[in-house]
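Now for the letters of each chain:
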Amino acid sequence: VEGLRRQGESAAALGLECDHLRRQLAEAQGEVRARTAATGQLRRELGVQRQYLASSLTQAAVLESAVRRASPQPEGDEAHARVELELKACRLHIAAINEENESLREQLARRG
């Protein structure tokens, strides 16, 4: 009789431990799902930012290439003045894009 009582107590203790472990497993699985969802969201945001950065770098490269191809007219010529003005505008645009890219890099580094 004593043996059966001890066996019953052991079975009850095992049942309680089993229930406790199931709750811990459920909590861990919930945390994994939440982190997986958060990681997926961050991955999507990072993808969008990378696309934007690549597009900005491409724009800067195209502008820089156009500036290099522009051959200024002789000094004092009105066409030369227009080319110089366009060149300054392109340089300002490139600088603005580079600043924006640097800002995006810093944001990504803080998230990473």
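Look above for the structure.
Owing to the predicted nature of the structure, the values given are computational and were not obtained by experimental measurement. Residue positions within a chain follow its written sequence, with the count starting from 1. Where totals are concerned, whole chains, interfaces and linings use all residues; where local detail is concerned, this predicted model gives features only for residues with pLDDT of at least 70, and gives and counts side-chain atom pairs only at 80 or more. The basis for every side-chain value is the complete set of heavy atoms in the structure, and neither hydrogens nor water enter the calculation.

We count a stretch as a helix when DSSP gives it H or I for four or more residues in a row; a strand needs E for two or more, and each element gets its number in order from the N terminus. For the protein, the helix and strand inventory stands at two helices and zero strands. Here the radius of gyration uses the C-alpha set of atoms, whereas the globule reference equals 2.2 Å times the residue count to the power 0.38. The C-alpha atoms of the protein give 32 Å as radius of gyration, which overshoots the globular expectation for 112 residues (13 Å, by more than 25%). The principal-axis extents of the C-alpha atoms in the protein amount to approximately 115 × 15 × 15 Å. Each residue is assigned to one of three classes by its accessible area relative to the maximum for its type, calculated with a 1.4 Å probe on protein chains only: buried under 20%, partly exposed between the two thresholds, exposed over 50%. In the protein, which comprises 112 residues, the proportion classed as buried is 13%. By the convention used here, residues are in contact when the closest approach between their heavy atoms is within 4.5 Å. Within the protein, counting contacts between residues at least 6 apart in sequence, those at least 24 apart form 73% of the total. Areas reported as accessible are Shrake-Rupley estimates using a 1.4 Å probe. Residue values count occlusion only from the protein chains shown. Carbon together with sulfur atoms contributes 57% to the accessible area of the protein, which is approximately 9100 Å² in total.

To continue, consider the nonpolar core. What is meant by a nonpolar core is a set of buried Ala, Val, Leu, Ile, Met, Phe, Trp, Tyr and Cys residues, joined one to another through side-chain atoms within 4.5 Å. In terms of nonpolar packing, the biggest core is built from seven residues, these being A60, L63, V67, L87, C90, I94 and I97. Every element with two or more residues in this core is listed here: helix 1 (2-69) and helix 2 (78-111). No other element matches the four residues that helix 2 contributes to this core. The residues touching L63, leaving out its near neighbours within four places in the chain, are C90, H93, I94 and I97.

What follows covers helix 2. Counting along an α-helix, one turn takes 3.6 residues, and residues three or four places apart therefore face a common direction. Its 34 residues give helix 2 an end-to-end C-alpha distance of 50 Å, which sits within 8% of 50 Å, the value for a rise of 1.5 Å per residue. Turning to helix 2, its buried residues are H80, L87, C90, I94, I97, N101, L104 and L108. Here, expected helix span is obtained from the residue count minus one, scaled by 1.5 Å.

Next up on the list: the pattern of salt bridges. Here, a salt bridge means any Lys or Arg side-chain nitrogen found within 4 Å of an Asp or Glu carboxyl oxygen. The full count for this structure, using the stated rule, is seven salt bridges. A salt bridge links R35 to E31; the shortest N-O distance between them is 2.7 Å. Separated by four residues within a single helix, R35 and E31 lie in helix 1, roughly one turn from each other. The exposure class of R35 is exposed, given its relative accessible area of 56%. Where salt bridges share partners, they join E2, R5, R6 and E9 into one cluster.

Within the secondary structure layout, Q49 lies in helix 1. Other than its neighbours up to four places away in sequence, Q49 contacts Q107, L108 and R111.

Worth remembering: the numbers are spatial, not functional.
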